[in-house]
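For reference, the chains in residue letters:
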2 protein chains.
Amino acid sequence: MDVLITGGAGFLGTRLAKALLARGTLAGPDGRQQPISTLTLLDLAAPAAIDDPRVRVVTGDISDPAVIRSALTADTASVFHLAAVVSGQAEADFELGMRINFDATRLILDCAREHGKRPRVVFTSSVAVFGGPLPQQVKDSTVATPQSSYGAQKLMGEILVTDYSRKGFIDGRTLRMPTICVRPGVPNKAASSFASGIIREPLNDQPAVCPVAPETPMWVMSPRKAIEGLIHGHEIDGERLGATRTLNMPGLATTVRDMVGALEKVAGANVVARIRWEPDAAVIRIVNSWPGNFDAARAAALGFAADPDFESIVRAHVQDELGR
Amino acid sequence: MDVLITGGAGFLGTRLAKALLARGTLAGPDGRQQPISTLTLLDLAAPAAIDDPRVRVVTGDISDPAVIRSALTADTASVFHLAAVVSGQAEADFELGMRINFDATRLILDCAREHGKRPRVVFTSSVAVFGGPLPQQVKDSTVATPQSSYGAQKLMGEILVTDYSRKGFIDGRTLRMPTICVRPGVPNKAASSFASGIIREPLNDQPAVCPVAPETPMWVMSPRKAIEGLIHGHEIDGERLGATRTLNMPGLATTVRDMVGALEKVAGANVVARIRWEPDAAVIRIVNSWPGNFDAARAAALGFAADPDFESIVRAHVQDELGR
């Protein structure tokens, strides 16, 4: 079977690609495991080379219909749609956010619809679809009221995935991801970028800036659990999802203070001392609009799992990215 | 001030136009009443002539950017966006529904954004954004889970109106309208078309078909209350709406049986005898996915009003449309 990952050169896309290649199979249209014959990685730039004959690389802008058509063919049985413009960037450049986060999602779904093969589509949404006055704990029945254009664009994408699934154009499932941390690499324009930065940079002997208060609640998920979740989300039988194609993913409810505390436990006080606390009103506004705690009962019942604590997230990062 | 009505040749658009011309003023950007100098009616075809020098007619497809640009100018202070493809048609022709119900809405909002004058935009949505397993009474806090493409497209439009308002591009307000009845004219492809037909046709000595069961719950609003609601929705200060730009409109909770009972009370048993009961599975599926009862607390607190009973709706129809 042919599998497509959009955002295939990104951090999650690359990890997912490696996990899928190692795994070797995915549920096919009939639910039975089938070998992955082609894994197409689509992104603006080519990913770091993965030495595997099954990998096909397509580079281009995902809002260009020709690019989508070359990446998503009549043979594509599964799509992991991860590509997006991050929250801070979508807020700063409204048109770019609409084009990449919404229009490209629609292009992908329309391309799948035109092929008529009803592929499984795993769409990554975000806790950023929630905002404003929220209950202490967000439930599966809580209305999504985004307070950022990123959240609004993701929410519209969710609605498309659900309606295209209802119409039988695709077999979609949307996963509302917690803040993924610790991300490797360099800071990006996501409002949540600091959540990885305050752990990653100090561990690399670099200074880090924390733009929010220590008591800020965070709903987080490790890269390991995110990859597990994406694959599990693909494997679930669409019949079990029924009409409700959107799932709040389980995460870990923590605070910035607890995250820094876990870092200190793993790496010591001198590492934590590299964090400077410099409030940034724009970041605070967006991050504080996100919920810090969920009762993700439906996803838990469907077999999705959260990280047990933040210390294990820090230790996994040290192991996976720093090799120690 | 310049005012635009999309769907201006339609039944509600024409009624709204007459009501606005009679009223003569609307709240301007500063909240104070200003005389309506130009009332632009945009629709596929020209409306029945309204003899008033303030009326400007623009005909064309609302999904054509050139048509929108000629109708919505830098002088447009208020937009009533009523134009839509109805539910049954949007379900049968997915692309048409996306183009008219969603893309055209976005074009209107983008045109307003480009002018940079932050007009008031009243967007008509629908109870069709709800569907599937629902509580006995839908509340303002109930998640919208559309089970039709029409509902999905309206819901995405709502999200745009809210985000464009948050960004300061427009001063938007979305009204989720109950089933409007009794509509004059001829049946259309709305799944709810029967709700008007079973009253209107018998009163015109014509046979009518009722495709749903007598016990089917309906959430309805008369044309009079709909026009009042649209104008009231325009007049409310955006500050009072805050971040929550979507309102469930108050309606009348009734059943098809009670509607027919009211018709009998007003017009007699021989009129009611013109209704044939012929179940239609496609209509039943869509109509039964809509909620029949709401607690529209927020809209009620903001001063919107519902009809008191169905008999008064039938009597108003007889008065307004049959002149007796």
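Since this is a predicted model, take the numbers as computed values, not measurements.

Draft legend 1. Summary view of the overall build of chain A. A count of helices and strands for chain A gives 13 helices and 16 strands. Over its C-alpha atoms chain A spans a radius of gyration of 19 Å, differing by no more than 12% from the 20 Å that the globule rule assigns to 324 residues. Its C-alpha atoms give chain A principal-axis dimensions of roughly 55 × 45 × 40 Å. Taken over 324 residues, chain A has a buried fraction of 59%. Taking the intrachain contacts of chain A between residues at least 6 apart in sequence as the baseline, contacts between residues at least 24 apart amount to 76%.

Draft legend 2. Spatial organisation of the interface of chain B and chain A. With 26 residues of chain B at the interface, the matching set in chain A holds 26 residues. Carbon and sulfur atoms supply 56% of the area that chain B and chain A bury against each other, a total of about 2300 Å² over both sides. Looking only at chain B, the three residues that lose the most surface to chain A are Phe94, Ile159 and Arg166 of chain B, adding up to 25% of its buried area. Summed over the shared surface of chain B and chain A, the number is 8 salt bridges.

Draft legend 3. Here's a closer look at the sheet that holds strand E14 (residues 252-255) of chain A. All names here are of chain A. The 3 strands lie next to each other as E10-E12-E14, forming an open sheet whose pairing is mixed. Unpaired on one side and paired on the other, strand E10 (179-180) and E14 mark the two borders of the sheet. Against the sheet, helix H9 (residues 256-267) engages strand E12 (217-221) and E14, with an angle of about 90° to E14.

Draft legend 4. Representation of the relation of the copies chain B and chain A. Mapping chain B onto chain A calls for a rotation angle of 180° and an axial translation of 0.0 Å; the resulting RMSD is 0.0 Å. These values place the two chain copies in the arrangement generated by a two-fold rotation axis. In terms of proximity to the rotation axis, the leading residue of chain B is Val143 of chain B, whose C-alpha is 2.4 Å off the axis. Comparing interface residues between copies, 100% of those in chain B also sit at the interface in chain A, which points to an isologous, same-surface contact.

Draft legend 5. Molecular detail of the pattern of salt bridges. Here the structure, examined in full by the defined rule, presents 48 salt bridges over all chains. Between Arg113 of chain B and Glu95 of chain A there is a salt bridge, with the nearest N and O atoms lying 3.0 Å from each other. Of this pair, Arg113 of chain B sits in helix H4 (residues 94-115) while Glu95 of chain A sits in helix H4 (residues 94-115), which puts the two residues in different chains. When its relative accessible area of 18% is taken as the criterion, Arg113 of chain B is described as buried. Of the charged contacts, one joins Glu278 of chain A and Arg276 of chain A as a salt bridge, the two residues approaching to 2.7 Å between their closest N and O atoms. Overlapping salt bridges, with partners in common, bring together Arg15, Arg224, Asp320 and Glu321 of chain A in one network.

Draft legend 6. Just the packing of H9 of chain A against helix H13 (residues 310-322) of chain A, in detail. All names here are of chain A. Contact geometry for H9 and H13: axes closest at 8 Å, N-to-C directions at 55°. If you check the angle between H9 and H13, you find them oblique. Pair H9 / H13 crosses with right-handed handedness. Of the residues in H13, those touching H9 at Met259, Ala262, Leu263, Lys265 and Val266 are Phe310, Glu311, Val314, Arg315 and Val318.

Draft legend 7. Looking closely at helix H7 (residues 223-235) of chain B. For H7 of chain B, with 13 residues, the first-to-last C-alpha span of 18 Å sits near the 18 Å given by 1.5 Å per residue. Pro223, Lys225, Ala226, Ile227, Gly229, Leu230, Ile231, Gly233 and His234 of chain B are the residues of H7 of chain B that are buried.

Draft legend 8. Expanded view of the packing of aromatic side chains. Counted under the stated rule, the structure contains 11 aromatic pairs over all chains. Aromatic pair Phe94 of chain A and Tyr164 of chain B: ring centres 5.0 Å apart, planes at 90°, arrangement edge-to-face. Of the two residues, Phe94 of chain A sits in helix H4 while Tyr164 of chain B sits in helix H5 (residues 149-166), which places them in two different chains. With respect to burial, Phe94 of chain A and Tyr164 of chain B carry one shared label: buried. Note that Arg113 of chain A overlies the ring of Phe169 of chain A, its terminal NZ or CZ placed 5.3 Å from the centroid.

Draft legend 9. Layout of the environment of Gly261 of chain B. Mapped onto the elements, Gly261 of chain B comes out in helix H9 (residues 256-267). Through-space distance from the C-alpha of Gly261 of chain B to that of Arg285 of chain B is 24 Å; in sequence the pair is 24 residues apart.

Draft legend 10. The arrangement of the sheet that holds strand E10 (residues 179-180) of chain B in detail. Residue and element names in this part refer to chain B. Spatially, the 3 strands line up as an open sheet ordered E10-E12-E14, and their pairing is mixed. Only two strands of the sheet have a single neighbouring strand rather than two, namely E10 and strand E14 (252-255). Where E10 and strand E12 (residues 217-221) come together, 2 bridges link them in parallel fashion. Counterpart to Ile180 in the pairing with E12 is Met221.

Draft legend 11. Spotlight on the pairing of strand E6 (residues 76-81) of chain A. All names here are of chain A. In terms of burial, E6 is a largely internal element, 6 of the 6 residues being buried. In the sheet, E6 pairs with strand E7 (residues 120-126) via 4 bridges, with the strands oriented parallel. Within the sheet, the bridge partner assigned to Ser78 lies in E7 and is Arg120.

Draft legend 12. Fine view of the pairing of strand E1 (residues 2-6) of chain A. Residue and element names in this part refer to chain A. Most of E1 is tucked away: 5 of the 5 residues are buried. Side chains Asp2, Leu4 and Thr6 project from E1 onto one buried face, and the interleaved Val3 and Ile5 project onto a second face that is buried too. As defined by bridge partners, E1 adjoins E6 across 5 bridges and the pair is classed as parallel. If you follow Leu4 over to E6, its bridge partner there is Val79.

Draft legend 13. Spatial organisation of the side chain of Asp171 of chain A. Residues and elements named next belong to chain A. Among the secondary structure elements, Asp171 is positioned in strand E9 (residues 171-177). You can call Asp171 buried: its relative accessible area is 7%. A polar contact of 3.1 Å, which involves the side chain of Asp171, links it to the side chain of Arg173.

Draft legend 14. Layout of the packing of H4 of chain A against helix H5 (residues 149-166) of chain A. Residue and element names in this part refer to chain A. Packing of H4 against H5 leaves a shortest axis separation of 9 Å and a crossing angle of 10°. Judged on the interaxial angle alone, H5 and H4 are roughly parallel. For the pair H4 and H5, the contacting residues are Phe94, Gly97, Met98, Asn101, Phe102, Thr105, Arg106, Leu109, Asp110 and Arg113 in the first and Ser149, Tyr150, Gln153, Met156, Gly157, Leu160, Val161 and Tyr164 in the second. Of the residues belonging to the contact of H4 with H5, the class tally is 9 nonpolar, 6 polar and 3 charged.

Draft legend 15. Inspection of the UniProt feature "domain: NAD-dependent epimerase/dehydratase" (unreviewed entry) in chain A at higher detail. The feature "domain: NAD-dependent epimerase/dehydratase" (unreviewed entry), as annotated in UniProt, sits at residues 3-202 of chain A in this numbering. Split by type, residues 3-202 of chain A is 38% helix and 22% strand. Its first and last C-alpha atoms lie 37 Å apart.

Draft legend 16. View of helix H11 (residues 281-288) of chain A. All names here are of chain A. Taken together, the buried positions of H11 are Val283, Ile286 and Val287. Looking straight down H11, one finds that the buried residues subtend no more than 95° of arc, so they occupy a single side. Buried positions along H11 lie against helix H3 (87-92), helix H6 (193-203) and E12. Two or three places before Ala282, at the start of H11, stands the capping residue Asp280, its side-chain oxygen 3.0 Å from that residue's backbone nitrogen.

Definitions and limits used
Along each chain, numbering runs from 1 in the same order as the chain's sequence is written. Here the convention is simple: chains get letters from A, ligands get numbers from 1, in the order in which they are written. At least 70 in pLDDT is required for a residue's local features to be given in this predicted model, at least 80 for side-chain atom pairs to be given and counted, and no such filter applies to totals for whole chains, interfaces and linings, which use all residues. To obtain the side-chain values, all non-hydrogen atoms of the structure were used and water was disregarded. Helix and strand labels come from DSSP, where a helix needs a run of H or I of at least four residues and a strand needs a run of E of at least two; each type is numbered from the N terminus. For the radius of gyration, the atoms used are the C-alpha atoms, and the globule rule reads 2.2 Å times the number of residues raised to 0.38. Residue burial is assigned from relative accessible area. The probe radius is 1.4 Å, only protein chains are included, and a residue is buried under 20% of its type maximum, exposed over 50%, and partly exposed in between. Here, residues are in contact when the closest pair of their heavy atoms is within 4.5 Å. Buried area: the sum, over both parts, of the accessible surface (1.4 Å probe) that disappears when the two are put together. We define a salt bridge as a side-chain nitrogen of Lys or Arg found within 4 Å of a carboxyl oxygen belonging to Asp or Glu. Two strands are counted as paired when DSSP detects at least two bridges linking them. The convention used is that axes are lines fitted to C-alpha atoms, helices contributing only their stretch in contact, and that angles between N-to-C directions extend from 0 to 180 degrees. The fit set for superposing copies consists of C-alpha atoms from residues with pLDDT of at least 70 in both; the fit itself is least squares. Here the word oblique covers every angle except those under 35 degrees (roughly parallel), over 145 (roughly antiparallel) and from 65 to 115 (roughly perpendicular). The hand of a helix crossing depends on one turn: near helix anticlockwise from the far one by less than a right angle means left-handed, and clockwise means right-handed. For a helix, the expected span equals 1.5 Å multiplied by the residue count minus one. Two aromatic rings from Phe, Tyr or Trp, using only the six-membered ring of Trp, form a pair when their centres are within 6.5 Å; if the ring planes differ by under 30 degrees the pair is stacked, by over 60 it is edge-to-face, and anything between is tilted. To sit over a ring, a charge needs its Lys NZ or Arg CZ within 6 Å of the ring centre and within 35 degrees of the ring normal. Polar contact criterion, stated in full: a pair of N or O atoms within 3.5 Å, where within protein one must be able to donate a hydrogen and the other to accept it, and residues adjacent in sequence count only if both atoms are side-chain atoms. Gly counts as polar in this scheme, as do all residues outside two lists: the nonpolar Ala, Val, Leu, Ile, Met, Phe, Trp, Tyr, Cys and Pro, and the charged Asp, Glu, Lys and Arg. UniProt positions are given in the numbering used here, feature names are shortened, and annotations may be inferred rather than shown by experiment. This arc describes the spread of directions from the helix axis toward the C-beta atoms.

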